[in-house]
Amino acid sequence: MRRALREYNFDWMLYSTYDAASKLMAGTEKEYAHTLRYIPYFRGMIDAVLSTGEPGLSFVRTCAEYLKNIVTARERGRKVAITSFCFSPVIFYAMDITPVCLEVMSVFLTFTYRRGSAEFLDFCNEAGFTETSCSSQRGSLGAYLAGIGVDIDMVVTDTPGVCDTNANAFAFAAEWLGRPFFQLDMPPLLKGERYDRYHRDDYRALVSFLEAQTGTKLRAERLAAVLGELRKQDGLIAELEEMGRIVPSPLPPAFTLMNYAARFLFAGMKPCTDMLQSMVNAARENAARGASGLAGGAERLRGFFCYIDHYTYNMRMWRMAEDLGVCLQGNILSRNWSIDAPHVRENHMEDSAYSIDMTDLDSMIDSVAIMNSRMPMIKSIRGPFDAPDMWLEDTLSLARMYSADFVVYSGTPGCRNTWGMVKPFARETEKAGFPTHIMYSDAFDDRVQSWEATRARFEEFLRVRRLLV
Amino acid sequence: MNGRLIEAAETLNNEFVRQWKEDGGRVVGYTCSYAPDEVFHAAGILPYRIRGYGAQETTIGDTYFGPFICSLPKCMLQLAGGGAFDFLDGVVIVPGCDSMRRLDDCWRKAGEDMAGVVPPFFFHFAVPHKFADYTVNWFEGEIRRLIEAVERHFDVRITVEALRVAIAAYNRGRVLLEELERMRRLPEPPIAGAEALSVVIAGSAMPRDAYNDLLEECILDLRAKTRCLQGRRRLMLVGSASDDTALVRFLEGDRALVVADNLCFGARFHNDRVDDGVLDPVRALAERYLRRSDCPRMYGDYRRRLEILTDAIQSASVEGVILQNIRFCDLHGAENGLFERDLEARGIPCMRIEREYGPLVETGRLKMRLDAFLERIDGKRRTA
Amino acid sequence: MIVGGCDVGSLTSKAVVMKDGKVLGSMLIKSKARPGESAEEVMNGACAAAGVERREIMFCVGTGYGRDRIGFVNEAVSEIACHGRGARWMVPTARTIIDIGGQDCKAIRLDAEGTVTKFVTNDKCASGTGRFLEVMARLLGVGLDELGELSVRSKNPVTLANACTVWAQADVIQFLNDGVPLEDIAAGINNAMAGRMAVLVNNLGIENDVCMTGGVAKNRGVLAAIEKMLGLRLRAIRRHDPQLAGALGAALIAMDKTAGGVK
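Small disclaimer: the values here were computed from a predicted structure and weren't measured. (Residues numbered from 1 in each chain as written. Chains lettered and ligands numbered in written order. Predicted model: local features only at pLDDT ≥ 70, side-chain atom pairs only at ≥ 80, totals over all residues. Heavy atoms only, no water.)

## Remarks on the packing of helix H7 (residues 102-112) of chain A against helix H9 (residues 135-145) of chain A
Helix packing geometry: the angle between the two helix axes and the distance between the axes.
Residue and element names in this part refer to chain A.
Line of reasoning, step 1. The contact between H7 and H9 brings their axes to 7 Å, and the two run at 85 degrees. The orientation of H7 with respect to H9, classified from their angle, is roughly perpendicular. The residues of H9 that touch H7, namely those facing Leu 102, Glu 103, Met 105, Ser 106 and Leu 109, are Ser 135, Ser 136, Gln 137, Gly 139, Ser 140, Leu 141 and Tyr 144.
Line of reasoning, step 2. Taken together, the residues of the contact of H7 with H9 sort by class into five nonpolar, six polar and one charged. (Axes fitted to C-alpha atoms, helices over the stretch in contact; angles between N-to-C directions. Helix = DSSP H or I, 4+ residues; strand = E, 2+ residues; numbered from the N terminus. Parallel < 35°, antiparallel > 145°, perpendicular 65-115°, else oblique. Contact = heavy atoms within 4.5 Å. Nonpolar A, V, L, I, M, F, W, Y, C, P; charged D, E, K, R; others polar.)

The structure is reproduced here in structure tokens:
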């Protein structure tokens, strides 16, 4: 890492960027256009998000607020935990712990800085971590290892049994920083009394750990408040997902990202509800007019990303979707496994979903434990790809339900668990009638394959498979 | 040195396996040292650790696995696809790590393309990633699930008594292996690291009772040995799966000796016992196998692993540690980064290697680094 | 006392003849299929340049990939030790040495006495090595020297695959097809190279002064990119050709081995 970069506080650098961006729309249109000239690298992303109107503005504000929480955590006396996108933050919010989600922080960087997260990625390797590990954590972990971010009090993850490289990044970070570590462990199957009991016992151990770290007990009313908000959010997400089925889809491509980002940042908190509400409002308006969410107005194709998106800078993946008229039908991250979710009802997957029982503290902890075990990736990447409730079943049911024309795998070379099965998996999706494209790029690091090459190969796939003539 | 042990380690379908099959015995392969051999022993089945040893290419492995995957499971699948494991009546996939976990998916898929590649008994055996009362409970349940599946498929009964006999047999082997380890660490060891690794590996590829007898014989021979190995630089080899004695032989050359190791396939899984005083042998197995913290897959237990290493370094008077990992093995790779930091701070020279599993090719670069590392150890000797 | 050092590398072979701490002559050739042949030819060339007979060399040290297959050397020593020794002779204050050769790159740390205390090498593919630059220069249709000059003019360097030469090639072809200016691609190539090197050096831990040896040390663009990445100035090597560091170190070690070694 260059010495110059170490002069900047990492969290403040991101916070000031997003905070400034959230105020861009406060002036006149002329002022906005003028300001864009001064942020040549960042303006593509700003435009892509803010062009969605109120939801986009709400998204940028929400990001700024999340980052503000991090930079002010110390002065507010909050403990800080680094954690993962697939770990629901509701328990942190219920216990006044400030989460720092590494993958989200990495995306903040890759979206906004042309140099991306390269030097933070590399710093992890300089510290002794493997370069073959997943870039999604390394992209921001480097900053915390280098000591230029907020002081971390604890490290919490839930990926053992699901993703080694993720779990290993957190275990490494805990050891390197000398901080307490907690892991929720995931057995290879999802359903059944034995599995439920394991998830619940494990989650109770987590609560004890967090109580020991904060010195306070988890209070029923605090958890109830957060879960009450979560229920509202589940309802809004269900409505958004239902609207995604309409042809043309009234959801702009950026909504896939905003849908999961809202939850990763603030599940169970008001900013997430507000953001989802503004997305629902905008989508309802489009739906009422029968309009496509695509800026060009014409939906040419519907694509389902079976894993994650590609987070190259300036949101070029979403802008490409706009250019090509591809309606993005979400990915593994954007699906919610609430019992009310449309795909749960449609496919009669109620026993694979979660519901929230607010009777008392015990029932709420049990509910959160089961909800957490249904988080993206945690739910469906734990067992063999073709086992019940796992990757193939989910992908096919969602791709069919959302009338996808094709399936795309985008991930990172660090993703051992999916790269270990993506070829047999793709054979099955092809067999089921979905042309399937495997991206060999790194969703968080353009140095593995430049975005230009990634896009060229994707377009070639669309041409060769006669999807886009 | 007992040639039969070496043969058992270096031949997949070795004389013991062949004899076992000729006698009508059944063999079940497993992929990771967290599988409890005792269960199979108690069922009268030969437990056999599946390896990738001898694979010359990974064309079959690459057909099913993606490119960013450890070469060990690819080599295993390569051998399976080529018929090298046709003697197996069953396979237990243990998700020791993600690459190995996906051997389940890829092996079954290969079975759709190549008839007979997947044995009739195919079982996914999960192991939690931490040790706590509730994880032991769960793991005990998983062992019972395995027992039931074996009983059902092979039409056998696994009795408590048979489990006790199995535990006694494996514990005896562990005592003997501990003695072997002690002898390796002597100032003038009677055995080189490559041979010692063969002896350990043989134990995972032949009936335990026969192994114990040969091992005992081997130890007596070593005790009687008058010409021991002297004056070499004393190395410890640490990290990912390594059953390749050629690699150890290469590292040792004529100037060095691997006097201790902490390797998947090495002796690290054998230096304790299953508690035979516990009333329920299944509980005892669950406790023993899960308590082991000899693999970085047990997250958050690095300090204990560091102590295991430093104890070995001290007792074996290790002068340098080679920290190796197979490419894409982030568990060992990242841990090696931490080991390097902490051991170097204690004045112990370390060298990290990232390698591919499989035939030892292109050794030029490795030799250059190894020579420089030995020169560094010599420099330390001179200034000591 | 006349001594020799012979460094048989994967791409080039180098030899140096020294007397009383001074270089009498040196030679650099492209390596042949057999290391023994390369060694003979390059040593003969160095002797001719030095104006001495082969038999006058009292002690010769061999290094490089082919070091164990050179018949005439008295002793074989690792490249790490030789590069460390050679670099120290060229830059007496050097504590950290970056060496980028044809097929590998390494970072070496020396103590105050010049003894190697730690080293790391790139054990991946050709990425981050001289070969990587060669392949890329050929794709751009420019000479290796031009690559450095070109990149200095870039205002908007591209981001390039840096972990794999084959993938980087694909990227470069894509950029060429897209009409990206050559200087921006060249700068991207040098940055990719520098990025890999910086990780290696930072992993080793930097101690000043830092200098760079090996053939790539002559590429201005890579030097500048590494300086930028590391945030420091590399000590310039003027005393001798930095590509000869290994052979030079071998000759110096030969001198140490005989009485009256000169530091």
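## Some remarks on the pattern of salt bridges
Line of reasoning, step 1. By the definition in use, this model includes 99 salt bridges over all chains.
Line of reasoning, step 2. As a salt-bridge pair, Arg 352 of chain B and Glu 340 of chain B come within 3.8 Å of each other at their nearest N and O atoms. With Arg 352 of chain B in strand E8 (residues 350-355) and Glu 340 of chain B in helix H14 (residues 330-345), this pair connects stretches of sequence that are 12 residues apart.
Line of reasoning, step 3. The exposure class of Glu 340 of chain B is buried, given its relative accessible area of 10%.
Line of reasoning, step 4. Each of Arg 255, Lys 367 and Asp 371 of chain B together with Arg 67, Asp 68, Glu 79, Asp 99, Asp 104 and Lys 106 of chain C takes part in salt bridges that share partners, so that together they form one network. (Salt bridge = Lys/Arg side-chain N within 4 Å of Asp/Glu carboxyl O. Buried < 20%, exposed > 50% of the residue type's maximum accessible area, 1.4 Å probe, protein only.)

## Quick look at the interface of chain B and chain A
Line of reasoning, step 1. Taken together, the 46 residues of chain B in the interface contact 49 residues of chain A.
Line of reasoning, step 2. With both chains or domains summed, chain B and chain A bury close to 4100 Å², and 53% of this area falls on carbon and sulfur atoms.
Line of reasoning, step 3. Looking at the side of chain B facing chain A, the largest losses of area belong to Phe 68, Trp 138 and Tyr 299 of chain B, adding up to 18% of the total buried there.
Line of reasoning, step 4. The tally of links between chain B and chain A comes to nine salt bridges.
Line of reasoning, step 5. For Arg 341 of chain B, the salt bridge goes to Glu 175 of chain A, with nearest N and O atoms at 3.7 Å.
Line of reasoning, step 6. Our enumeration of links across chain B and chain A arrives at 33 residue pairs in polar contact (both at pLDDT 80 or more).
Line of reasoning, step 7. Element by element, the count of residues in the side of chain B that touches chain A is highest for helix H6 (residues 98-113) of chain B, at 11 residues.
Line of reasoning, step 8. The residue makeup of the side of chain B that touches chain A, split by class, is 17 nonpolar, 10 polar and 19 charged. (Buried area = accessible area lost by both parts, 1.4 Å probe. Polar contact = N/O pair within 3.5 Å; in protein donor to acceptor, adjacent residues only side chain to side chain.)

## Some remarks on the nonpolar core
Line of reasoning, step 1. In terms of nonpolar packing, the biggest core is built from 242 residues, with Tyr 311 and Trp 391 of chain A touching the most fellow members.
Line of reasoning, step 2. Here this core gets 10 residues from one element, more than from any other, and that element is helix H13 (residues 254-266) of chain A.
Line of reasoning, step 3. In this structure, Ala 8, Phe 16, Val 200 and Met 351 of chain B belong to the second largest nonpolar core, which totals 73 residues. (Core = buried A, V, L, I, M, F, W, Y, C linked by side-chain atoms within 4.5 Å.)

## Brief notes about the pairing of strand E3 (residues 22-30) of chain C
Residue and element names in this part refer to chain C.
Line of reasoning, step 1. Two elements, strand E2 (residues 12-19) and E3, share eight bridges in a ladder whose sense is antiparallel. Within E3, the position partnered with Thr 12 by the bridge is Lys 30.
Line of reasoning, step 2. The antiparallel hairpin formed by E2 and E3 contains two residues in its connecting segment, where Asp 20 sits at a positive phi of about 50 degrees. (Pairing = 2+ DSSP bridges.)

## A look at the side chain of Arg 88 of chain C
All names here are of chain C.
Line of reasoning, step 1. Along the polypeptide, Arg 88 turns up in helix H2 (residues 79-90).
Line of reasoning, step 2. In this structure, Arg 88 is buried with no salt-bridge partner, the nearest side chain bearing the opposite charge being Asp 111 at 5.6 Å.
Line of reasoning, step 3. At a separation of 3.0 Å, a polar atom in the side chain of Arg 88 contacts the main-chain carbonyl oxygen of Pro 92.
Line of reasoning, step 4. Reaching out from Arg 88, the side chain makes a polar contact with the backbone oxygen of Asp 111 at a distance of 3.2 Å. (Lys, Arg positive; Asp, Glu negative; His and termini not counted.)

## Overview of the sheet that holds strand E6 (residues 96-100) of chain C
Residues and elements named next belong to chain C.
Line of reasoning, step 1. One open sheet accounts for four strands, arranged E8-E7-E6-E9; its pairing is mixed. Edge positions in the sheet fall to strand E8 (116-121) and strand E9 (210-213), since each has one partner strand and no second. Within this sheet the neighbouring strands show an average axis-to-axis angle of 20 degrees, counted without direction.
Line of reasoning, step 2. Of the strand pairs in this sheet, E6 and E9 are connected by four bridges, and their pairing is parallel. Looking across to E9, one finds that Ile 98 is bridged to Met 212.
Line of reasoning, step 3. Those strands touched by H2 are E6, strand E7 (105-110), E8 and E9, and its axis lies near 65 degrees from that of E7.

## What about helix H2 (residues 10-22) of chain A?
Residues and elements named next belong to chain A.
Line of reasoning, step 1. Spanning 13 residues, H2 covers 19 Å between terminal C-alpha atoms, matching the ideal 18 Å at 1.5 Å per step.
Line of reasoning, step 2. Here H2 lies mainly inside the structure; 10 of its 13 residues are buried.
Line of reasoning, step 3. What H2 keeps buried is the set Phe 10, Asp 11, Met 13, Leu 14, Tyr 15, Thr 17, Tyr 18, Asp 19, Ala 21 and Ser 22.
Line of reasoning, step 4. Where the residues of H2 are buried, they touch helix H4 (43-50), helix H5 (54-71), H7, helix H8 (118-126) and H9. (Expected span 1.5 Å × (residues − 1).)

## Some remarks on helix H13 (residues 302-315) of chain B
Residues and elements named next belong to chain B.
Line of reasoning, step 1. A rise of 1.5 Å per residue sets the reference length of H13, with its 14 residues, at 20 Å; its end C-alpha atoms lie 20 Å apart and thus fit the reference within 8%.
Line of reasoning, step 2. Along H13, the positions that sit buried rather than exposed are Tyr 302, Arg 305, Leu 306, Leu 309, Thr 310, Ala 312 and Ile 313. In a view along the axis of H13, the buried residues occupy a sector of 160 degrees, so they form one face of it.
Line of reasoning, step 3. Phi for Ser 317, located one or two positions after H13, is positive at around 50 degrees. (Arc of directions from axis to C-beta.)

## Quick notes on the domain arrangement of chain C
Residues and elements named next belong to chain C.
Line of reasoning, step 1. Each assigned domain of chain C is listed here: domain 1 (1-91 + 239-263) and domain 2 (94-236).
Line of reasoning, step 2. Here the C-alpha centroids of domain 1 and domain 2 sit 25 Å apart.
Line of reasoning, step 3. Overall, the association of domain 1 and domain 2 removes approximately 1600 Å² of surface from exposure, summing both partners, and the carbon and sulfur fraction of that is 65%.
Line of reasoning, step 4. Where domain 1 meets domain 2, there are two salt bridges.
Line of reasoning, step 5. Between Lys 218 and Asp 241 there is a salt bridge; the shortest N-O distance is 3.3 Å.
Line of reasoning, step 6. Our count for the domain 1 to domain 2 interface comes out at nine residue pairs in polar contact (both at pLDDT 80 or more).
Line of reasoning, step 7. Here the side of domain 1 that touches domain 2 gets eight residues from one element, more than from any other, and that element is H2.
Line of reasoning, step 8. Taken together, the residues that form the side of domain 1 that touches domain 2 break down as nine nonpolar, four polar and four charged. (Domains from an automatic or database assignment.)

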